[in-house]
Amino acid sequence: MQDVDLLIVPRWIVPVEPHLTVHEDHALVVDGGRIVDLLPADFARQAYRARETLELPNQVVLPGLVNTHTHAAMTLLRGLADDLPLMNWLQDHIWPAEGRHASAAFCRAGVALAAAEMLKGGITCFADQYFFPESTVEVLREASMRALVGVPVLEFPTPWAQNAQGYISRAVDVIEANRTHPLLGFAFAPHAPYTVGDPALERIAMLSHEMDVPIHMHVHETAFEVEDAVAQHGERPFARLKRLGLLSREFMAVHMTQLNDQEIEDCATFGVSIAHCPESNLKLASGFCPVSKLLDAGVNVSIGTDGAASNNDLDLIGEMRTAALLAKGVSGNAAAFPAAQALRAATLGGARALGLEERIGSLERGKAADFIAIDMDQIDSVPMYDLISQTVYATGRDRVTHSYVAGRALMRGRELQTLDESAIKAEARQWQQRIIKGLQA
Ligand SMILES: CSC[C@H]1O[C@@H](n2cnc3c(O)ncnc32)[C@H](O)[C@@H]1O
Ligand SMILES: [Zn+2]
């Protein structure tokens, strides 16, 4: 008998790799924060003596979901400006509100709210892009949640920095100060081609290479972005990024609703990953990312929620479902982006997009024990012909019962273990009052 930390014995396990595999009556064995075995439950009970055994007779265990694009602190701006197109939403509402309120305290409160919401919905890792990344780090250290913290770069002044040089130097300081944390990674996050000039992008490309830090950027979110760039500079934004040397396996392009065949081929050739945010794209009427064409070309597609001010929730189970349905509508092919592929995009595809595919994204020996359990014994889960289809098409995030990161329970029986849900809600309501006052001033 081998002593181990934890034995998880659910009704089903979907490891995501191998694709389409469903194990019934198997156990996941965890020790030192890692998966050491996945085997039939009877054998596991004979081979391992666990300090703790988690029996989950009605649940399916899956890899933790990976949300590859959000602005966590924007949970505090949820519902502030709805039903508007992107540039109107950003320039007339969101940027003024951020100018008034974004601060270290705002970001701590907003990130805590986001982390709580995400953990309760089965997201165990996310890629962020926002101001005051030290506040993000502070909250995530306490929460013990995994993330790729995107350190922002823009050309214009905000409460975080005054110009591109200022953003970049703060970015380097934040990255250098925190990069040894076992659960946190960092990315340069130039906001978008229309807000960052060539010299700053070239410097980011160089630093990314030198420091081995990935790049996370909004690209081709709308047709207007592309048309405006062509009218002003005679060049499409993605072609410009290619010319400036940003494209590589370390580059994650968010949105990508406007893509010609050459750009799809370039994504495949350079190993660029896509963060597909279907609900934000729908809500802001930004356009449709051609997911099927990208997958056919061999491009890695992951799924993101975007911020809560443009979605308006951080629900990756809902986002998987929207992504699968939208791909069919857009391509006119009901077989496009089937449920299992959407689940793969929300787990292993996400891990790959963040450069974490060796560590997370699937339940395989040697990987970190980042996993979730979903209750499949409710009225709307029966009958069950296909477990993966049921999970993607007919399951709400409120059915997630457990969320673990590196073998540690961050939610157990829907109770958060490292974050104080009541205090987080109370603080978010205080921010709501301040933000309302700001709107009236
Ligand atoms: C550089 S910090 C992030 C910056 O991005 C803004 N933002 C949020 N959602 C979107 C989106 O969909 N497209 C473009 N910009 C977005 C956010 O408000 C911050 O200012
Ligand atoms: Zn965004």
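Residues numbered from 1 in each chain as written. Chains lettered and ligands numbered in written order. Predicted model: local features only at pLDDT ≥ 70, side-chain atom pairs only at ≥ 80, totals over all residues. Heavy atoms only, no water.

> Any chance you could explain the pattern of salt bridges here in plain terms?
Where side chains of opposite charge bring their charged atoms close, a pairing between them can arise. For the coordinates displayed, the defined rule picks out 24 salt bridges. In this structure, D31 engages R51 in a salt bridge whose closest nitrogen and oxygen atoms are separated by 3.5 Å. Taken together, the residues D31 in strand β3 (residues 26-31) and R51 in strand β5 (residues 48-63) connect sequence positions 20 residues apart. Residue classification places R51 among the exposed residues on the basis of a relative accessible area of 58%. One salt bridge in this structure joins R45 and E55, with 2.9 Å as the shortest N-O distance. (Salt bridge = Lys/Arg side-chain N within 4 Å of Asp/Glu carboxyl O. Helix = DSSP H or I, 4+ residues; strand = E, 2+ residues; numbered from the N terminus. Buried < 20%, exposed > 50% of the residue type's maximum accessible area, 1.4 Å probe, protein only.)

> Explain the layout of surface pockets to me, please; I cannot follow it from the model alone.
Over the atoms rolls a probe the size of a water molecule, and its path tells where empty space is left. Size it by volume and the largest pocket reaches roughly 480 Å³. Considering the residues around the largest pocket, the lining is formed by 22 residues, among which L148, P214, L354, G355 and L356 are closest to the centre. Listed by contribution, the elements that provide at least two residues to the lining of the largest pocket are β8 (146-153), β9 (184-190) and α13 (339-353). For the lining of the largest pocket, the per-class residue count stands at 11 nonpolar, 3 polar and 8 charged. (1 Å grid on protein atoms, 1.4 Å probe; cavity = no way out; pocket = protein on both sides within 12 Å on 5 of 7 lines; lining within 4 Å. Points joined across faces, edges and corners; volume = space filled by probe spheres on them. Nonpolar A, V, L, I, M, F, W, Y, C, P; charged D, E, K, R; others polar.)

> Would you take a moment to explain the site of ligand 1 for this structure?
Around ligand 1 sit 19 residues in total, of which W95, E98, H191, E221 and D306 are the nearest. In the model, a nitrogen atom of ligand 1 is placed 3.2 Å from a nitrogen or oxygen of the H71 side chain. Note that a nitrogen atom of ligand 1 is positioned 2.7 Å from one of the side-chain N or O atoms of E221. Structurally, ligand 1 is housed in the largest cavity. Counting residues per element, the shell around ligand 1 draws most heavily on helix α2 (residues 86-101), which supplies 6 residues. (Near = heavy atom within 4 Å. Polar contact = N/O pair within 3.5 Å; in protein donor to acceptor, adjacent residues only side chain to side chain. Sits in = over half its atoms within 2 Å of the grid points.)

> Where do I start with the side chain of E98 in this structure?
Turning to its location among the elements, E98 is positioned in helix α2. Those residues in contact with E98 that lie beyond four places of it in its chain are M74, L77, Y130, F131 and P159. (Contact = heavy atoms within 4.5 Å.)

> Please explain the environment of L410 as it appears in this structure.
Here L410 is to be found in strand β16 (residues 408-412). Linking L410 and S144, residues 266 residues apart in sequence, is a C-alpha distance of 7.5 Å. In this structure L410 touches L119, A143, S144, M145, S403, Y404, V405, E415, L416, Q417 and T418, once residues within four positions along its chain are discounted.

> Explain the coordination of the zinc ion (ligand 2) to me, please; I cannot follow it from the model alone.
Ideal values for angles at a metal depend on the geometry: 109.5 degrees with four tetrahedral donors, 90 or 180 degrees with six octahedral donors. Distances from the zinc ion (ligand 2) to its protein donors, namely H69 (NE2), H71 (NE2), H218 (NE2) and D306 (OD), fall within the range 2.0 to 2.3 Å. Around the zinc ion (ligand 2) sit 4 donor atoms; with metal-centred angles ranging over 88 to 167°, the donor geometry is irregular. Site description for the zinc ion (ligand 2): donor spacing in sequence, H-x1-H-x146-H-x87-D. Within this pair, whereas H71 is found in the loop between β6 (65-70) and α2, its partner H218 is found in strand β10 (residues 215-219), the two being separated by 147 residues in sequence. Both residues of the pair, H71 and H218, count as buried. (Donors = N, O, S within 2.8 Å, 3.2 Å for Na, K, Ca; no water. Tetrahedral: all angles 85-135°; square planar, octahedral: opposite > 155°, others 65-115°.)

> It is not clear to me how α13 should be interpreted in this structure. Could you clarify?
Count 3.6 residues to each turn of an α-helix, and residues three or four apart come out pointing the same way. Along its 15 residues, α13 runs 19 Å from first to last C-alpha, staying within 8% of the 21 Å computed at 1.5 Å per residue. Approximately 40° is the largest bend angle found in α13, and it occurs at A345. Where α13 is concerned, the buried positions are A339, A340, A342, L343, A345, A346, T347, L348, G349, G350, A351 and A353. (Expected span 1.5 Å × (residues − 1). Bend = angle between axes of the 7 residues up to and from the residue.)

> Help me understand the pairing of strand β11 (residues 251-255), please; the structure alone is not making it clear to me.
Every other side chain in a regular strand lies on the same face of the sheet, so the side chains alternate between the two faces. Within β11, 5 of the 5 residues are buried, leaving the element largely enclosed by the surrounding structure. The pairing of β10 with β11 spans 5 bridges and is parallel. Note on β11: the bridge partner recorded for I215 is F251. Inspection of the sheet shows β11 paired to strand β12 (residues 273-276) by 3 bridges, in the parallel sense. Residue pairing across strands places A253 opposite I274, the latter belonging to β12. In this view, the connection linking β11 to its parallel neighbour β12 by way of helix α9 (residues 261-270) has right-handed handedness. (Pairing = 2+ DSSP bridges. Right-handed = clockwise from strand over helix to strand, strands pointing away.)

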